[in-house]
Amino acid sequence: MRVVVDLTRCQGYGQCVFAAPGVFAMPGQEALLYDPDPSDEQREHVLRAQAACPVQAIHVDRLAGHVPGPRPYPYPAADAGDGFRRSGRIVIVGASLAGVRAAAVLRRDGFTGSLTLIGDESHEPYDRPPLSKQVLTGRMPLDHTTLPRLRDLDAEWLLGQRATGLDVAGKRVRLADGREVEFDRLLIATGARARPWPDEAEAALDGVCVLRTIEDATRLRRRLETGNGRVLVIGAGFTGSEVASVCRELGRPVTVAERGAAPLAGALGKVIGGIAAEIQREHGVDLRCDTTVMGLDADADGRLRAARLSDGTTLEAETAVVALGAVRNVEWLEDAGLAAGVWGVGCDAGCRVFDINGVVTDDIFAAGDIARFPHPAYEFQFLALEHWGNAVAQAEIAAHNMVSDQTRRWAHLALPVFWSNQFGINIKSVGVPTFADEVVIAQGSVAERRFVAVYGYRGRVTAAVTFDQAMWLEFYQRMIERAAPFPPDFAMVGRPAEMLPVPAEVPPRIGVAQGATVVVTGHDPSERRATLVRRPQ
């Protein structure tokens, strides 16, 4: 059996832990861990846990559904013409969470035509969040991360095949082995990869790791099991902070080097990032903020020996984990004539991809980490979200729209939701915390590490972040959707005696396409074209 918990919905009540303690565990107040592939002997216990979950976040033998909230429009199942639904050809490039979820929704909604999934990894599609949590600690074997019921999709799986090009006019995807796969409609879901250490020679040293794939997790897990020296984590975003948490759980000494003012500051702002910094240091992390790793040194055998820091010191380290964010997988689209670049693939709120001229395409869609789309709740700012919940929700919208006519298409209006388990604390967020100018502690206690931080922008609520207070997240989600006034003024449980908003100190918003050079050619309107000038590598 396969178990999937939609942790964007889980509110940490813990009934599942009592019903099936052999499958679910909650080492902190709300940080839920579980085995996605329990033995059949656990089935009855898991089904009891599923029934007991107050928010119905537990799914058995199927992928989780879309993020909670009303359906965008009160229309029935899609209909793009019976002929297409019966015999059309849909190709999905990217066989990870977004691609697999889209395929499942297509079949669920009655698409019986040809369905092909292309993935560059040779493994069965798997869930990535456990890689930086249960897998690294050894609580979960790697083969338990596989996504459920993939062979029931009646699809052609081209795994271990890398897409190298796209012929938009000819409707063909080119593969690395020379084959071409034809399509009527295409979903781009190639996601992102870990950003490598910029110096190739240093990145190749024995002991320098990244964390994104099963191979990465296997390599890092082996080093954490067999070594006892210091681990250096370069970057204190969510992945870097979760790796640091695992190191301390395993008793390994760890130093985190963060060029910014605080961990998680890029996502949550400096104020809440400062609280995260206190938590890391309380758990024994050697946290060094405003510090850049300038270089990595090796011994005579090519093994990592030390790192040179911007403060002039040298830090001895046995392992370095490079956690510098992600690079979107757009190289295969370079000559396709689409609005694709380092920012991802531009699309409208219905997941239809823009071409380089800014005109929406009718047969090419995007979903998941690679998609950049406008969100009306945030002044139509284009967002690219590397979150599990967004991949699921956006994939469902894309799949629906691929088999829908124009009048029945939906918009991807779900608010971003993400979670992170680190240092025994469940951190969850709804909205966009960086779209804010102020933040206030609206409930709970920072000293007890159980609180709700609410973000505001120009007098309205735009986001909320909870530390072990997930039960309140849906309440604040509704406030964001209603553009409720900031600061919130409700008689809430745990409300402080005085609301004291402070500057959120979030990073400045910089246009992701800033500095992009576009050349426009032609004179007649029918001839004018835009071309993106790419920088030499």
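None of the values given here were measured: they were computed from a predicted structure.

1. Let's talk about the pattern of salt bridges
Following the criterion strictly, the structure yields 36 salt bridges and no others. Between Asp 362 and Arg 352 there is a salt bridge, and its shortest N-O distance comes to 3.7 Å. Residue Asp 362 is found in strand β25 (residues 360-366), and its partner Arg 352 is found in strand β24 (residues 352-354); the two are separated by 10 residues along the sequence. Salt bridges sharing common partners tie together Arg 89, Asp 167, Arg 172, Glu 180, Glu 182 and Asp 184.

2. Brief notes about the side chain of Ser 420
Its place among the elements puts Ser 420 in strand β28 (residues 417-422). Here Ser 420 falls in the buried class, since its relative accessible area comes to 0%. In terms of polar contacts, Ser 420 uses its side chain to reach the side chain of Glu 242, at 2.6 Å. Not counting the four nearest positions on each side in its chain, Ser 420 is found in contact with Phe 238, Glu 242, Ile 425, Asn 426 and Ile 427.

3. Some words on the confidence of the model for the protein chain
Summing up the model confidence of the protein chain, the mean pLDDT is 90 and the portion of residues at 70 or higher is 90%. Under a pLDDT of 50 for its full length, residues 67-79 has, in the predicted model, 25 contacts with residues more than four places off or in other chains.

4. Quick word on the sheet that holds strand β30 (residues 438-445)
The 6 strands lie next to each other as β28-β29-β32-β31-β30-β33, forming an open sheet whose pairing is antiparallel. Looking at the sheet topology across the chains shown, the edges are occupied by β28 and β33 (502-503). In the sheet, strand β29 (residues 425-431) pairs with strand β32 (residues 460-467) via 5 bridges, with the strands oriented antiparallel. By the bridge assignment, Ser 429 is partnered in β32 with Val 465. Across the sheet, helix α9 (residues 265-282) lies against β28, β29, β30, β31 (450-457), β32 and β33, angled at about 160° from β31, the strand it touches most.

5. Section: the state of the cysteines
Inspection of every chain in the model, using the stated rule, returns 0 disulfides. Cys 10 carries a free sulfur, and the closest cysteine sulfur to it, the one in Cys 16, is 6.4 Å from it. For Cys 10, a relative accessible area of 12% translates into the label buried. With no disulfide of its own, Cys 351 has Cys 347 as its nearest cysteine by sulfur position, at a separation of 5.5 Å. Judged by its relative accessible area of 0%, Cys 351 falls in the buried class.

Cut-off values and rules
Residues numbered from 1 in each chain as written. Predicted model: local features only at pLDDT ≥ 70, side-chain atom pairs only at ≥ 80, totals over all residues. Heavy atoms only, no water. Salt bridge = Lys/Arg side-chain N within 4 Å of Asp/Glu carboxyl O. Helix = DSSP H or I, 4+ residues; strand = E, 2+ residues; numbered from the N terminus. Buried < 20%, exposed > 50% of the residue type's maximum accessible area, 1.4 Å probe, protein only. Polar contact = N/O pair within 3.5 Å; in protein donor to acceptor, adjacent residues only side chain to side chain. Contact = heavy atoms within 4.5 Å. pLDDT = per-residue confidence, 0-100. Pairing = 2+ DSSP bridges. Axes fitted to C-alpha atoms, helices over the stretch in contact; angles between N-to-C directions. Disulfide = S-S within 2.5 Å.

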